[in-house]
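Read off the chains here:
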Amino acid sequence: MARIDLKELAHSYMAMPSGPEDYALRRMDHTWEDGGAYALLGPSGCGKTTLLNIISGLVKPSEGQVLFNGQEVTRLEPEHRNIAQVFQFPVIYDTMTVRQNLGFPLKNRGMEPSYIQERVETVADMLGLTESLDRKAVGLGADEKQKISMGRGLVREDVGAVLFDEPLTVIDPHMKWQLRRKLKELHETLDLTLIYVTHDQIEALTFADKVVVLYGGKVVQLGTPQELFEEPAHTFVGYFIGSPGMNFMDCRLDNGAAVVDGHRIDLAEGVADRAPGDAKQLELGIRPEFLRFADEGEEGVPANVDDIRDLGNFQIVTVTMGDGRRLQLKMDEEKAVPSSDNARLVFPPQWTKLYADSELVG
């Protein structure tokens, strides 16, 4: 296993970068704890694969250091880092059997045949490949080939970390769910450091103990799935995590409360006082799950109900507030929706977040 430290790490594909916009990865300090299961989550082009390839040694960073268990490996080639990497598309030998493919990393290291056989059969059992061990890989489907690729990454007991670069892209949805569950089980069994790159929030939140969210080459939050949902540290996290994403509203502050379209909205105690005075933009954020309609006799902000979508066990209600501001509520299916001319919104202070220039005011 390995603890991985990134110190003042940054990377640009340009020879002479002149500003932050020229960097694929902006300067970061980050630690991946030994034995942790992490997801690197973000949209296409945010720097996920670049960061993974720097950790593996396929890319040498422009600036900073990479350390494995306290030892600097920044300039070491991948074969000297004691890691395994599983790519987006299967990397296997079609002319070999499944057994030969799985055993290849061990054979390359001169392991005893009896040990190779034992490890291959153990990993094959973990991944549901036992019945296919003596079949040629060329005749297998994309899902089985990717399982072989994953197995090659897991077959070595001495590997320090296993890096997955969107490994389920070619897998059908039902098999994706099975493999995510299997990876979770493997992590618990093998206690390896796993880093899993994906743009799919469901994959990230169901696989990882902690999620690293990248946006524009910058780490905007590291946290558990619950922390990302309940305390988004950046407006991008609020927007990207959740379905629907967080509601956002431009606001101003007045005597400890936020003001939106002339309506005062209470914040948690002390939050307004901590807002930076030089912020260019202030926004309120609240998740659709926490925004609610006022009960009878309860005060609230007037709104018009525009649309109700019944999605089975919950409903998504779209409302318009103030000067054409559209917000969404996520409600239990049995909850009654008020008539359009009688709707009032309640913003619970503990779930109403204030953002200054896109960053959470804590």
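Above this text sits the structure in question.
Residues numbered from 1 in each chain as written. Predicted model: local features only at pLDDT ≥ 70, side-chain atom pairs only at ≥ 80, totals over all residues. Heavy atoms only, no water.

Notes on the overall build of the protein chain
Counting its regular elements, the protein chain contains eight helices and 22 strands. Along the longest, intermediate and shortest principal axes, the C-alpha atoms of the protein chain span 75 × 50 × 30 Å. Within the protein chain, buried positions represent 49% of all 362 residues. Looking at the protein chain alone, contacts between residues at least 24 apart form 66% of all its contacts between residues at least 6 apart. Here the protein chain has roughly 17,300 Å² of accessible surface; of this, 46% comes from carbon and sulfur atoms. A distance of 5 Å separates the average location of the 38 positive side-chain charges in the protein chain from that of its 57 negative side-chain charges. (Helix = DSSP H or I, 4+ residues; strand = E, 2+ residues; numbered from the N terminus. Buried < 20%, exposed > 50% of the residue type's maximum accessible area, 1.4 Å probe, protein only. Contact = heavy atoms within 4.5 Å. Areas by Shrake-Rupley, 256 points an atom, 1.4 Å probe, with all protein chains shown as cover. Lys, Arg positive; Asp, Glu negative; His and termini not counted. Charge placed at Lys NZ, Arg CZ, Asp CG, Glu CD.)

Here we look at a nonpolar patch on the surface
Among the surface-exposed residues, Leu58, Phe87 and Val91 lie close enough to one another that they form a single nonpolar patch of about 250 Å² accessible area. Looking at the secondary structure, you find Val91 in the loop between strand E6 (83-86) and helix H2 (98-108). (Patch = residues over 30% accessible without salt bridge, like charges linked within 9 Å, V, L, I, M, F, W, Y side chains within 5 Å. Salt bridge = Lys/Arg side-chain N within 4 Å of Asp/Glu carboxyl O.)

As for the sheet that holds strand E7 (residues 161-165)
Judged by pairing direction, the sheet is mixed, and its six strands sit side by side in the order E6-E7-E8-E3-E9-E10 without closing on themselves. Of all the strands in the sheet, the pair left with one neighbour each is E6 and strand E10 (218-223). The sheet shows a mean angle of 15° between the axes of neighbouring strands, direction not considered. In this structure, strand E3 (residues 37-41) lies alongside strand E9 (residues 210-215), joined through four bridges in parallel fashion. Across the sheet, Ala39 pairs through a bridge with Val211, a residue of E9. (Pairing = 2+ DSSP bridges. Axes fitted to C-alpha atoms, helices over the stretch in contact; angles between N-to-C directions.)

So, the nonpolar core
The biggest cluster of nonpolar side chains holds 46 residues, and the ones touching the most others in it are Ile148, Val162, Phe164 and Val211. Examining the composition of this core, we find that six residues originate from one element, helix H3 (residues 113-127), more than from any other. Beyond its immediate sequence surroundings of up to four residues, Phe164 is in contact with Leu52, Val86, Met150, Leu183, Leu194, Ile195, Tyr196 and Val197. Membership of the second largest hydrophobic core comes to 30 residues, among which are Cys251, Ala303, Val305 and Met321. (Core = buried A, V, L, I, M, F, W, Y, C linked by side-chain atoms within 4.5 Å.)

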